[in-house]
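Listed below are the residues making up each chain.
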Amino acid sequence: MKTNGMRLTVSVLALVASGSMALADSMDDLVAAAKKEGQLTTIALPHDWCGYGDVIAGFKAKYGIEVNELNPDAGSADEIEAIKANKGNTGPQAPDVIDVGLSFGPSAKAEGLLQPYKVSTWDTIPDSAKDAEGYWYGDYYGVMSFMVNKDLVKTVPSDWADLLSDEYANSVALAGAPQTANQAIQGVFAAGLSAAKGDVAKAGEEGLKFFAELNKKGNFVPVTGKSASLAQGTTPIIIAWDYNALSWRDVLAGNPPAEVVIPKTGVVAGVYVQAISAYAPHPNAAKLWMEYLYSDEGQLGWLKGYCHPIRFNDLAKNGKIPQELLDKLPPAAAYEKAIFPTLEQQAAAKEVIAKQWNDVVGAEVAK
Amino acid sequence: MKQSRIIPWIGFGLGALYFLIPLIATFEFSMRMERGTYSFKAYRIVFADPGFQSSFAYSAVIAVLTIIVGVALVVPTAYLVQLKLPRLRPVVEFLTLLPLVIPAIVIVFGYLRMYNSSSILPLTGSARGTDLLLIFAYVMLSLPYMYRSVDTALRTIDIRTLTEAAQSLGSSWPRIMLQVILPNVRVGVLSGAFLTFAIVIGEFTMASLLNRPAFGPYMQLIGANRAYEPAALAIIAFAVTWACMGLIQLVANLSPGSKR
Amino acid sequence: MSTTALPAAAARDKRISWSWLGVLPFIAFTVLFLLLPAANLIVGAFQDASGAFTLKNIVNLGQPTIVRSYMLSLQISAASAAAGVFLGFLLALAVIHGMLPRWVRPTLMTFSGVASQFAGVPLAFAFLATLGRTGLVTAILMTLFDFNIYRAGFNLLSFLGLTLTYLYFQIPLMVLVITPALDGLKREWREAASTLGATGSQYWRMVALPILWPPMLGAFLLLFANAFGAIATAYALTGSSFNLITILLYAQIRGDALHDPNLGYALALGMILITGVSNGAYIWLASRSARWIR
């Protein structure tokens, strides 16, 4: 009996060992193949966004692979178009990997633009944020926040309803145009979620009503809010993703001093997803890039850029997050109330907000 | 006579105010990088970047090449349309207006589809090939301005008489173009050249998606999420581009046959 | 008779076919680098998301939001083009025929070159920093003259404000494009006219303006198309309040929210048609005025 059990244990151990050796082997193979390709082409990765500057530098230093960065100004739609336009192109204009908004993952998969790949840490990615077949997978998220210029704003608002106060006349701006930019639409959605007291289905309409009110009171500034307009004074309060707001705050370095506030209600999380192009000229470099991004090192790199990596909970559970990093983020309590709208909820809200903005809020009043 | 000297000065003065004040406001903001005082810190940061010189030099060279190709393409065409093919005028004019309304991003994606490494004309396959494609793209972008300037200039001179005179003296077509027509439309060509240069220096979308190290993508990289550096960069780019145009003007004035 | 007429006709035909050869490079260039790459746009306007042929996108152009959008774009383009032509003409006139010092003209020309492309985010920012609520001029007027332009009803983020901003690149464009024509207005003609007893306004009405009319019209068309296709400045300045057609187009083709590129292509097709119609109007007007010049 005992010898049988021993034999079973040994054989199981051997099986496990060979399995992990196989994994290590395949990782080494991947590194070698990627190095042979020698280059990775990315698109739409501004260096100030989620700390991508350091993440890319880290990848280059670790594997010695060149990273060719295309158009950092590209939006999600541009990334998809770039894949389509470069179908037959193996030159450096063809992106290998993309980082797009959640809704673009399934649509790109449906158009046959992606190839599947499951990273080694696949199981630690929440199911709701990945495609079961591995075509796209969530990479990070942030929540909608207020960025406030403390030089110009005396009382810092703590919730959406505060923004309607008279002291914020000509102060509140979105970080884009709601007909075009996802960040702006999610801002309206978050305001609506707060007004609708958590009812996701009504959030779109309520958001439009909120901004119509904001505009009527004269608090809304229809200019695209950026760190430059915040510093110059045109948009003292900007509604933007927390990672953008926090990195802008750092860049301004106190000139002017800015505070980033997560509102008490209506906390909306926006997820972005990674994917590999089906026509990637350097597929192995692309896969190695994914492995790097989803390793602890890559995920913490995003956290340094104030983005919550998708494996945040897993990392926190295993105590992998340095305390200094946690201290630089807004308090974790604010994130507990975050709502992750599903694809369908997002699509419905976008329809309502983008199409009806001009009619309901219609800041064409200023003629 | 004296009275009519004041009015032009007033006109020029008002124009100068309108154009300079926004620049002054941008400059004033760019100097505010250090809290509480005015300083050139934003400018120091911009100049310290090595990419500045190389990307500007690249764009300047591409700009000059674009001007040459553009002039070579537009002047004979505008000349022939005016002299011999007046019925083609509506078509040509319509074509030259299209680059203004067709979004550049649609065009560049079209280029990637048509001229990528697996097509008949694999221009994107090599760096020089892509440079050529970029030059053609910029010629296309500057077509409206170049054509309108040259066309206006051609209208003011009597090309029919000039051509017949040159022909009766036994001149060949290339000589007529280069030595009779071109010097006489110098002002129009110069206007078009200025506009082309400015377009190429600031252009971003095409250079970025075709992956060339031009000045537009560099400006985007520096300015993306910063507050003070983009303002400084705008002023610097304005000043340097203006200086380059002064150089072009100088070269044009020094070459033989110029009246001014 | 016929034997001598034939060679002349044949010679004429030969010259015209050489002319066609002369414009061939231009035609080939526009086909290869403008029309074919943009063909995707025309084809896409008649397709739906799966690639099947449909007229739905064209029909959707009739939606009230989109029609209003086109109207707004047309209004802004016409306003900034008209003001640009008028003011640019006066500025060019002042500099070229105003007997100002010699350095003024090349300075204006080179400056106009740069300013004509100063658009987008830097321009929007410059105007916000000047005439915005916290702008330099706004502040100066308030501290020095106790005059609050915003209380007086001015708002940079309005039709007037956007037109004012557009003029920053429209006026220089007009200056550059009309200069060759103003150069052609010889001083001798002015002197001859006054010798013959013509007053200033008679000179303008009967000599100068008839000559300048076609190039000015052409310049108006260029400025109109220039403003019509402008996107970056509008997006940065009044993106969420002004429903211009370019912003709508941007939302469909580039935006990361709506993304219905086929509708975007249909919008672009509409813009191309409007440009074509305005070009046709210009040709018609120019030919009518050309009749009584020659």
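What you see is a predicted model, and the numbers here were worked out from it, not measured in a lab.

S.K.: Can you lay out the overall build of chain A for me, pointing to particular residues and giving the numbers?
M.R.: Within chain A, the regular secondary structure consists of 14 helices and ten strands. The C-alpha radius of gyration computed for chain A amounts to 23 Å, which stays within 12% of the reference 21 Å derived for 367 residues, consistent with globular compactness. Here chain A, with 367 residues, has 59% of them falling under the buried criterion. Within chain A, counting contacts between residues at least 6 apart in sequence, those at least 24 apart form 75% of the total.

S.K.: Tell me about the interface of chain A and chain C, residues and numbers included.
M.R.: In this complex, chain A contributes 36 residues to the contact, which on the side of chain C involves 33 residues. Summing both partners gives a buried area of about 3000 Å² for chain A against chain C, and 54% of it is carried by carbon and sulfur. Where chain A meets chain C, there are one salt bridge. Ionic pairing is found between arginine 68 of chain C and aspartate 359 of chain A, a salt bridge with its closest N-O pair at 3.4 Å. Run the count over chain A and chain C and you get six residue pairs in polar contact (both at pLDDT 80 or more). Elements supplying a minimum of two residues to the side of chain A that touches chain C: α3 (76-85), α5 (182-195), α7 (227-232) and α14 (343-360) of chain A.

S.K.: Lay out the interface of chain B and chain C with the relevant residues and their values.
M.R.: Every contact between the two is made by 75 residues of chain B and, on the other side, 82 residues of chain C. The contact between chain B and chain C buries some 7100 Å² in all, and 80% of this surface belongs to carbon and sulfur atoms. Here chain B is connected to chain C by zero salt bridges. There are ten residue pairs in polar contact (both at pLDDT 80 or more) connecting chain B and chain C. At the level of secondary structure, the elements contributing two or more residues to the side of chain B that touches chain C comprise α1 (3-30), α3 (51-83), α4 (89-101), α5 (104-114), α6 (127-156), α9 (186-202) and α12 (228-254) of chain B.

S.K.: Tell me about the environment of phenylalanine 59 of chain A, residues and numbers included.
M.R.: Its place among the elements puts phenylalanine 59 of chain A in helix α2 (residues 52-63). Here phenylalanine 59 of chain A is in contact with Leu40, Gly64, Ile65, Val67, Ala285, Leu288, Trp289 and Tyr292 of chain A, once residues within four sequence places are set aside.

S.K.: Tell me about the state of the cysteines, and please be specific about residues and values.
M.R.: Covalent bonding between the sulfur atoms of two cysteines is what defines a disulfide. All names here are of chain A. The tally for this structure, following the rule as stated, stands at one disulfide over all chains. Here cysteine 50 connects covalently by a disulfide to cysteine 307, the sulfurs 1.8 Å from one another. The sign of the S-S torsion, about -70°, decides the handedness of the disulfide formed by cysteine 50 and cysteine 307: left-handed. Placement of the pair is cysteine 50 in the loop between β1 (39-43) and α2 and cysteine 307 in the loop between α10 (296-304) and β10 (308-309), with a sequence separation of 257 residues.

S.K.: Residues and numbers for the pattern of salt bridges, please.
M.R.: A full pass over the atoms with the stated rule returns 29 salt bridges over all chains. The shortest N-O distance in the salt bridge between arginine 226 of chain B and aspartate 48 of chain A comes to 3.5 Å. One end of the pair, arginine 226 of chain B, is in the loop between α11 (215-223) and α12; the other, aspartate 48 of chain A, is in the loop between β1 and α2, on a second chain. Residue arginine 311 of chain A is joined to aspartate 296 of chain A by a salt bridge in which the shortest nitrogen-to-oxygen separation is 3.0 Å. Of this pair, arginine 311 of chain A sits in the loop between β10 and α11 (312-317) while aspartate 296 of chain A sits in helix α10, and the two are 15 residues apart along the sequence. Judged by relative accessible area, which is 4%, arginine 311 of chain A ranks as buried. Judged by its relative accessible area of 24%, aspartate 296 of chain A falls in the partly exposed class. Each of Arg89, Glu93, Arg148, Asp151 and Arg155 of chain B takes part in a single network of salt bridges with overlapping partners.

S.K.: A description of the confidence of the model for chain A should follow, citing residues and the corresponding values.
M.R.: Detailed reading of predicted coordinates is not advised where the pLDDT is low. This prediction gives chain A a mean pLDDT of 88; 92% of its residues lie at or above 70. Across chain A, the element-wise mean pLDDT spans from 69 in helix α1 (residues 2-37) of chain A up to 96 in strand β4 (residues 114-115) of chain A.

S.K.: Explain the packing of aromatic side chains to me, and be specific about the residues and the numbers.
M.R.: Counted under the stated rule, the structure contains 59 aromatic pairs over all chains. With centroids separated by 6.3 Å and ring planes inclined at 75°, the aromatic side chains of tryptophan 9 of chain B and phenylalanine 12 of chain B adopt a geometry described as edge-to-face. One end of the pair is tryptophan 9 of chain B and the other is phenylalanine 12 of chain B, both in helix α1 and three residues apart, which spans about a single turn. The interplanar angle of 45° and the centroid separation of 5.8 Å between the aromatic rings of tyrosine 18 of chain B and tyrosine 168 of chain C together place this pair among those described as tilted. Within this pair, whereas tyrosine 18 of chain B is found in helix α1, its partner tyrosine 168 of chain C is found in helix α7 (residues 159-183), the two belonging to separate chains. By relative accessible area, tyrosine 168 of chain C is classed as buried at 0%. Chaining the aromatic ring pairs together yields one cluster made of Trp49, Tyr52, Trp122, Tyr137, Tyr140, Trp241, Tyr243, Tyr272, Tyr294 and Trp302 of chain A.

S.K.: Tell me what's going on with a nonpolar patch on the surface, and back it up with residues and numbers.
M.R.: All names here are of chain B. Taken together, the side chains of Ile6, Ile10, Leu14 and Leu17 define a hydrophobic patch exposed on the protein surface, amounting to about 400 Å² of accessible area. Within the element layout of this structure, isoleucine 6 appears in helix α1. Judged by relative accessible area, which is 51%, isoleucine 6 ranks as exposed.

S.K.: Report on the pairing of strand β9 (residues 269-277) of chain A, specifying residues and quantitative values.
M.R.: The side chains of a regular strand alternate between the sheet's two faces. All names here are of chain A. Counting buried positions along β9 gives nine out of nine residues, so the element sits mostly inside the fold. Looking at chain direction, β4 and β9 are connected through two bridges and run antiparallel. When the bridges of β9 are listed, leucine 114 appears paired with serine 277. The sheet contact formed by strand β5 (residues 137-149) and β9 spans six bridges and is antiparallel.

Conventions used here
Residues numbered from 1 in each chain as written. Chains lettered and ligands numbered in written order. Predicted model: local features only at pLDDT ≥ 70, side-chain atom pairs only at ≥ 80, totals over all residues. Heavy atoms only, no water. Helix = DSSP H or I, 4+ residues; strand = E, 2+ residues; numbered from the N terminus. Rg over C-alpha atoms; globule rule 2.2 N^0.38 Å. Buried < 20%, exposed > 50% of the residue type's maximum accessible area, 1.4 Å probe, protein only. Contact = heavy atoms within 4.5 Å. Buried area = accessible area lost by both parts, 1.4 Å probe. Salt bridge = Lys/Arg side-chain N within 4 Å of Asp/Glu carboxyl O. Polar contact = N/O pair within 3.5 Å; in protein donor to acceptor, adjacent residues only side chain to side chain. Disulfide = S-S within 2.5 Å. pLDDT = per-residue confidence, 0-100. Phe/Tyr/Trp six-rings, centres within 6.5 Å; stacked < 30°, edge-to-face > 60°. Patch = residues over 30% accessible without salt bridge, like charges linked within 9 Å, V, L, I, M, F, W, Y side chains within 5 Å. Areas by Shrake-Rupley, 256 points an atom, 1.4 Å probe, with all protein chains shown as cover. Pairing = 2+ DSSP bridges.

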